[in-house]
Amino acid sequence: MKMDMNVFHDLGLEEVNSGVYDGEWARPSGKMIDVKSPIDGSYIARVSMATESDYERIISRAVEEFKKWRMIPAPKRGIIIKEIGDELRKEKKNLGKIVTMEVGKTASEGEGEIQEMIDVSDLALGLSRQLYGLTIASERPYHRMYEQWIPLGPVAVISSFNFPASVWSWNAFIAAVDGDVVIWKPSSKAALTAVAVMRVIERVLKRNNAPNIFFLMVSPGHDGGEWIANDKRIPLVSFTGSVAVGKKISENVAKRLGKTILELGGNNGAIVSDKSDINIALRGVVFGALATAGQRCTTTRRVIVQENIYDDFLERLKNAYSTIKVGDPRDKGVLVGPLIDEDAVKNYERAIETAIKQGGKLVFGGRRIKISGCENGHYVMPAIIEAKPDMAIVSEETFAPILYVMKYKNIEEAIEIHNSVPQGLSSSIFTNDLREEEAFLSAYGSDCGLANVNTSTAGAEIGGAFGGEKDTGGGRESGSDAWKYYMRRQTVTKNWGKTLPLAQDVVFDF
Ligand code: UN1
């Protein structure tokens, strides 16, 4: 691929890049990742990986930098994060291009990714003056009780290829205003984006002579994840990725009584009622199913349609799918780019084959396609499959644009189908009926962390807490009070009297 050299130059990238940053970039040596574009399979650049001794240096340095950073007042920390947001704003187009090259997002989604980081920096600035603790009425005279929130330590963020920049920032910027320093292990499928982001952030940290709060460690395979999971110096590990790897990380962190935030993907359903605005439902489902080529944790993978409008809705879906352009995400009008790699295409093919074996009916797409000029890219035609809720494949998350369509009679049945999968990240109902909407939001309603009414399962805003239940792992990131995960809560009791009264009226006279 012809990489725009100006973009490389502006971002301080080179053909061979270090993937190890601890305030300084390690000299790139040893094992390298060849970064290839999923758009056409072409070589873009190389990124070096961390050795275990690089890791050791990073963590020792992180422990030292944390000691300095935690003593800087939170509102001052917030100003630095805000400045990072401003710097990202300047580089939004360039960084968006790197995201497009490396993971195949459309230009709009690539830039949206950077916009999400900018939004988080704004949120973090506001939060930096609002790390509130409660005051509590003491049962003892001349006593005062309150809670305070204290920085936790060096925390680690292990991120996935599909949101290679923004999901890191949800964690990192919030953790940073909380007073933590952050070690980032990005997906090896998105290492260049991580290097580019750190290059931009480095400018702000150096300009401010700030402690080094962000560390980067591109690492081979699962090694880096294990070093982090087993390291007692890291009190919190935030992991985004598969259920299998998430379980392993969580077990290892739990063995040393560390904390985890887990965001392990979704198998998100949308209920389309006969009482919905059908155009809104259609737009919401199509966007949810096809944005980022079906590779979001929030992708709509199941649509559960009321039987009276089932045939009509399915027809509309097929028509909409046939107008969607799949191809080189840099081309105007293309809405669906490539999958990340050959394995992803194989998983897509395997899931479709399995669905058919289990009784599913493929009614749209369902095969790999070649895009001219991008012969070595990883393109598939989005698939629509008529399915039954009890087909085993419907309970699995396949990270590809496959949409299972199912039928329901009444809202209770729709909710039951909706909740019948192991994952619990995002959910939607499309209806204008108050009773259906409230049922969906009630105690027997959606069992997900995110519940949407008349909007898509995908495309959450950063102001809310993001995360889900069941196999999704239970973590919450980004907005609301997710900042509390990255701090420790301390309950303070002060006696300012001249005697020592005991709680619960206990007498202990001597
Ligand atoms: C993810 O896929 O891990 O809600 C995150 C959305 C995006 C984030 C998805 N804002 O679709």
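Residues numbered from 1 in each chain as written. Predicted model: local features only at pLDDT ≥ 70, side-chain atom pairs only at ≥ 80, totals over all residues.

For the protein chain, an unreviewed UniProt entry supplies the name Aldehyde dehydrogenase (NAD+) and the organism Picrophilus torridus. UniProt, in its Sequence similarities (unreviewed entry) section for the protein chain, records the words "Belongs to the aldehyde dehydrogenase family." As stated in UniProt under Subunit (unreviewed entry), the record for the protein chain gives "Homotetramer." (UniProt positions renumbered as here; feature names shortened; annotations may be inferred.)

Draft legend 1. Fine view of the overall build of the protein chain. Counting secondary structure elements, the protein chain contains 14 helices and 27 strands. Against the 2.2 N^0.38 benchmark of 24 Å for 510 residues, the protein chain shows a C-alpha radius of gyration of 24 Å, consistent with a compact globule. Seen through its C-alpha atoms, the protein chain measures out along the principal axes to roughly 80 × 60 × 40 Å. Relative to its 510 residues, the protein chain shows a buried fraction of 52%. (Helix = DSSP H or I, 4+ residues; strand = E, 2+ residues; numbered from the N terminus. Rg over C-alpha atoms; globule rule 2.2 N^0.38 Å. Buried ≥ 20, exposed ≤ 12 C-beta atoms within 10 Å, placed from the backbone.)

Draft legend 2. Layout of the sheet that holds strand β5 (residues 135–136). Sheet architecture is open: three strands sit in the order β5-β6-β27, paired in antiparallel fashion. Since the sheet does not close on itself, it has two edges, and those belong to β5 and β27 (487–495), each with one partner. With nine bridges connecting them, strand β6 (residues 143–151) and β27 associate as antiparallel partners. Paired with M145 across the bridge in β27 is T493. (Pairing = 2+ DSSP bridges.)

Draft legend 3. Spatial organisation of helix α11 (residues 310–323). Taking 1.5 Å per residue, 14 residues should reach 20 Å; α11 reaches 20 Å between its end C-alpha atoms and fits that length. Listed in full, the buried residues belonging to α11 are F313, L317 and Y321. With its buried residues spanning 75° around the axis, α11 presents them on a single face. More than 90 degrees from the buried face of α11, the exposed residues found are D311, D312, E315, N319, S322 and T323. (Expected span 1.5 Å × (residues − 1). Arc of directions from axis to C-beta.)

Draft legend 4. A look at the pairing of strand β20 (residues 402–408). For β20, the buried fraction is high: seven of the seven residues fall into the buried class. Residues I402, Y404, M406 and Y408 line one face of β20 and the alternating positions L403, V405 and K407 line the opposite face, and both faces are buried. Looking at chain direction, strand β19 (residues 383–386) and β20 are connected through four bridges and run parallel. If you follow I385 over to β20, its bridge partner there is Y404.

Draft legend 5. Highlighting helix α7 (residues 191–207). Over its 17 residues, α7 runs 25 Å from end to end, which matches the ideal 24 Å to within 8%, given 1.5 Å per residue. Within α7, burial applies to A191, L192, T193, A194, V195, A196, V197, M198, V200, I201 and E202. Phi turns positive, to about 55°, at N209, one or two residues after α7.

Draft legend 6. View of the site of the ligand. The ligand sits among N162, F163, V167, T240, R296, C297, T298, A458, G459 and A460. Grouping the amino acids of the shell around the ligand by side-chain chemistry returns five nonpolar, four polar and one charged. (Near = placed C-beta within 6 Å. Nonpolar A, V, L, I, M, F, W, Y, C, P; charged D, E, K, R; others polar.)

Draft legend 7. Region of interest: the sheet that holds β19. One open sheet holds the seven strands; their spatial order is β16-β19-β20-β13-β12-β22-β23, and the pairing between them is mixed. Both outer strands of the open sheet, β16 (361–364) and β23 (450–453), are each paired with one neighbouring strand and no more. Here the strands of the sheet are splayed against their neighbours by 25° on average, with no regard to which way each runs. Sheet topology places strand β13 (residues 300–306) next to β20; five bridges connect them, and they run parallel. Counterpart to Q306 in the pairing with β20 is Y408. Where helix α12 (residues 342–357) meets the sheet, it contacts β16, β19 and β20, and its direction lies at approximately 30° from that of β20. Against the sheet, helix α13 (residues 411–418) touches β12 (268–272), β13, β20 and β22 (426–430), its axis set at about 150° to β20. (Axes fitted to C-alpha atoms, helices over the stretch in contact; angles between N-to-C directions. Contact = placed C-beta atoms within 7 Å.)

Draft legend 8. Representation of the environment of I429 in the model. Mapped onto the fold, I429 is located in strand β22. On the basis of neighbour counts, which here come to 29 C-beta atoms within 10 Å, the residue I429 falls in the buried class. Sequence separation of I429 and E64 is 365 residues, and the distance between their C-alpha atoms is 49 Å. Other than its neighbours up to four places away in sequence, I429 contacts I271, S273, E436, E437, F440 and V453.

Draft legend 9. Seen up close, the pairing of β13. Of all seven residues in β13, seven are buried, a share of seventy percent or more. One ladder, built from five bridges, connects β12 with β13; its direction is parallel. Within β13, the position partnered with A270 by the bridge is V303. For the handedness criterion, the β-α-β arrangement of β12, helix α10 (residues 278–290) and β13 is classed as right-handed. (Right-handed = clockwise from strand over helix to strand, strands pointing away.)

Draft legend 10. Representation of the nonpolar core within the structure. In this structure, I174, V182, I183, W184, F215, M217 and V237 are the most contacted members of the largest nonpolar core, which totals 144 residues. Non-local contacts of I174, meaning those with residues more than four positions away in its chain, are made with A124, L127, S478, A482, W483 and Y486. (Core = buried A, V, L, I, M, F, W, Y, C linked by C-beta atoms within 7 Å.)

Draft legend 11. Quick peek at the packing of α10 against α11. One can describe the packing of α10 onto α11 by two numbers: an axis separation of 11 Å at closest approach and a directional angle of 50°. As summarised for this structure, α10 and α11 are arranged oblique, according to the angle between their axes. Of the two possible hands of crossing, α10 and α11 adopt the one that is right-handed. Side by side, α10 and α11 meet where I278, L282, V285 and V286 of the first sit next to F313, R316, L317 and A320 of the second. For the contact of α10 with α11, a count of residues per class yields seven nonpolar, no polar and one charged. (Parallel < 35°, antiparallel > 145°, perpendicular 65-115°, else oblique. Left-handed = near helix turned anticlockwise from the far one by under 90°.)

Draft legend 12. A look at the confidence of the model for the protein chain. Here the protein chain shows a mean pLDDT of 97. Residues at 70 or above account for 99%. Confidence, read as mean pLDDT per element, is least for helix α1 (residues 5–11) in the protein chain (92) and greatest for β12 (99). This complex was scored by the predictor with a pTM of 0.97 and an ipTM of 0.97. (pLDDT = per-residue confidence, 0-100.)

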